[in-house]
Structure formats: C-alpha cells, structure tokens
Amino acid sequence: MARLDEIDRRILYRLAEDARGTSAPMIADEVNVSAGTVRNRIDQLEADGILTGYHAAIDYERADNSLRNLFVCDVSVTERAHLATQALAIPGVINVRELMSGRGNLHITAVGADTEDLSRISRELSSLGVDIQGEDLIQSERTRSYQPYGPEEDPVEPSMTDFMTLSGEAEVVDLTIAENAAIAGLTLREANEEGLLGDEILVVAIERGESIITPKGHTTIQAGDLVTVFGRTGITDDFLGQFTGPAGE
C-alpha cells in the first residue's frame with residue numbers, strides 16, 4: 001500500500017476540487033515545491049492506482065433534457081463484481097457502485113432520453129439477473145474534496161462528500177464523521193436508541209481507511225468514517241448535525 005505525504009494529499013485534494021482548473025504550478029506554489037515535483041507525484045499516484053481518472057460532471061438534463069435514474073439493486077455477493085462490469089456495458093449506464101452491504105449492494109446510475117429509454121435499461125439489467133429493489137430519478141448531486149487532504153485554513157462546511165436528491169423525498173448522502181459529532185463513538189444500536197437515526201434512515205455503508213464495513217447494530221461509528229446514509233423521507237440539517245458536529249465548531 002502506498003503511503004501518502006502532505007504533498008500527495010494536497011494534490012489529490014485540489015484535483016478532486018477542480019481537476020481542469022488546477023495546474024501543477026498552482027499546487028507547487030501552495031506546497032512550496034517545484035511544478036516538476038508535482039507532475040512527478042501525479043504520475044506516481046496514477047501508477048500506484050490511487051489517482052484513477054479525471055471525470056467531467058455533466059448536467060444531462062440541461063444538455064439535452066435527458067433523465068438520470070438511480071437503480072438500487074440486490075445481487076449475489078459472489079457475482080457482484082461480474083454483474084457490475086456487465087451492467088456498465090449497457091448503453092445508458094454511466095456509473096456502477098458496489099457496496100459491501102447485503103441488501104441494495106449495487107447502485108447503478110443511468111441516463112435515458114425518456115422514461116421508455118430508462119425502462120429499456122431496467123429490462124436489460126433484469127435480464128442479467130440483477131434484482132432491482134427500487135429506482136428513482138436523480139434531481140441533483142453535489143461533491144467536494146476530502147477535507148483531511150486539504151489545508152487547515154480551508155472551511156470545513158459542508159461536510160458532505162456526495163449528495164443525491166431523488167425524486168419524491170428520498171435522499172442519499174455520504175458524510176464524513178466529525179470529531180465532535182453526537183454519533184461518534186456510538187454503535188448504530190445506541191444511536192438509534194438515543195434517537196439520532198430513526199425509522200426512515202438507513203446507514204448503507206461505512207468506509208474506514210482502506211476497509212468497507214457492512215453496518216450492523218453493534219457497529220461503532222468513529223470520527224473520520226465516511227458513512228453512506230439513505231433517508232426515505234429526506235435528510236434534514238438537524239440530522240446532518242448528528243454526523244458533522246454543531247455548526248461553527
């Protein structure tokens with residue numbers, strides 16, 4: 001496993017923030033090294049498989065009034081990787097996320113010209129043996145750089161790494177647990193007993209360092225964890241505070 005230093009982390013932070021608008025000299029000035037050093041570090045991060053690509057964020061609805069849909073699917077754990085590869089080959093599928101959880105362990109994002117096109121994608125997924133548990137239109141999505149890789153003076157709000165609003169009220173959000181978060185140090189069972197979660201909230205996955213943890217009642221939430229949360233009726237600012245800490249602290 002490659003070991004990252006402060007220069008590597010800052011490179012990743014700035015590229016995740018704006019890969020197209022960030023140059024090697026800009027990062028070099030920030031971390032007090034030469035532009036050549038930054039370019040060499042980028043090459044090494046790519047060779048190590050840490051920096052895996054540069055992707056454009058596209059508003060497909062604005063581009064040609066297309067629809068973007070999220071399919072939440074169940075697949076056999078032993079077939080998950082194989083089916084993920086097959087699903088990505090279906091025309092219109094633009095992203096496939098494999099989760100370690102037992103249910104809803106494959107999230108597939110697809111773009112269709114209309115509802116009929118999305119139905120075609122749904123049928124092709126089903127023909128692969130993918131069990132679609134739910135699907136909904138994505139209204140919006142937000143991303144940000146991983147805060148621990150950035151400079152200390154950068155603002156820490158928002159603490160959301162990834163946010164998707166589904167049609168209706170459902171939302172999916174990735175959150176980094178703050179040191180002062182109310183839920184930090186509690187098991188999911190304890191958090192539920194204290195009313196920090198609720199019946200309409202499902203913790204889908206927990207990423208801790210290099211590990212993906214399947215959430216269970218005895219699983220303890222730790223500061224620094226990247227937690228994927230699904231809210232059936234939306235996710236409120238008060239709920240976010242349980243994970244990201246009180247505003248302004």
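In the block above lies the structure referred to throughout.
Quick caveat, the model's predicted, so the values are computed rather than measured. (Residues numbered from 1 in each chain as written. Predicted model: local features only at pLDDT ≥ 70, side-chain atom pairs only at ≥ 80, totals over all residues. Heavy atoms only, no water.)

1. As for helix α2 (residues 24–31)
Buried within α2 we find A24, I27, A28 and V31. Buried residues in α2, looked at end-on, bunch into an arc of 105°, giving them a common side. Looking at the packing, one finds that the buried side of α2 touches α1 (6–18) and α3 (35–47). Immediately downstream of α2, the backbone of N32 shows phi near 65°, a positive value. (Buried < 20%, exposed > 50% of the residue type's maximum accessible area, 1.4 Å probe, protein only. Helix = DSSP H or I, 4+ residues; strand = E, 2+ residues; numbered from the N terminus. Arc of directions from axis to C-beta. Contact = heavy atoms within 4.5 Å.)

2. Digging into the pattern of salt bridges
This model, assessed by the stated rule, comprises 11 salt bridges. With its nearest N and O atoms 2.9 Å apart, the salt bridge here joins D5 to R41. Here the residue D5 occupies a position in the segment before α1, and R41 occupies one in helix α3, the gap between them amounting to 36 residues. When its relative accessible area of 29% is taken as the criterion, D5 is described as partly exposed. Judged by its relative accessible area of 23%, R41 is partly exposed. (Salt bridge = Lys/Arg side-chain N within 4 Å of Asp/Glu carboxyl O.)

3. Remarks on unusual backbone geometry
Not every positive phi belongs to a glycine, and N32 is a case in point at roughly 65°. Looking at the secondary structure, you find N32 in the loop between α2 and α3. Judged by relative accessible area, N32 falls into the exposed class, the value being 72%. We note that N65 has phi near 65°; this positive angle belongs to a residue other than glycine. Examined against the element boundaries, N65 turns out to sit in the loop between α4 (60–64) and β1 (67–74). For N65, a relative accessible area of 56% corresponds to the exposed category.

4. A word on the side chain of T22
Looking at the secondary structure, you find T22 in the loop between α1 and α2. Overall, the relative accessible area of 16% leaves T22 in the buried class. A distance of 3.5 Å separates a polar atom in the side chain of T22 from the backbone oxygen of R14. Within the structure, the side chain of T22 is placed 2.6 Å from the backbone oxygen of D18, a separation counted as a polar contact. If near-sequence neighbours (up to four positions away) are discounted, T22 is found in contact with R14 and I27. (Polar contact = N/O pair within 3.5 Å; in protein donor to acceptor, adjacent residues only side chain to side chain.)

5. Observations concerning the layout of surface pockets
Estimated volume of the second largest pocket: approximately 480 Å³. In this structure, the second largest pocket is lined by 23 residues; those nearest its centre are V72, G104, L202, V204 and F230. Within the residue set of the lining of the second largest pocket, elements represented by two or more residues are β1, β4 (131–143) and β7 (201–208). Per-element accounting of the lining of the second largest pocket gives the leading share, four residues, to β4. Of the residues assigned to the lining of the second largest pocket, the class counts are 11 nonpolar, seven polar and five charged. (1 Å grid on protein atoms, 1.4 Å probe; cavity = no way out; pocket = protein on both sides within 12 Å on 5 of 7 lines; lining within 4 Å. Points joined across faces, edges and corners; volume = space filled by probe spheres on them. Nonpolar A, V, L, I, M, F, W, Y, C, P; charged D, E, K, R; others polar.)

6. Considering the environment of E200
Summarising the element assignment, E200 is placed in the loop between α7 (188–193) and β7. Judged by relative accessible area, E200 falls into the partly exposed class, the value being 35%. Separated by 30 residues in the primary sequence, E200 and F230 have C-alpha atoms spaced 8.3 Å apart. Each residue touching E200, except ones within four places of it in the same chain, is listed here: F230, G231, R232 and T233.

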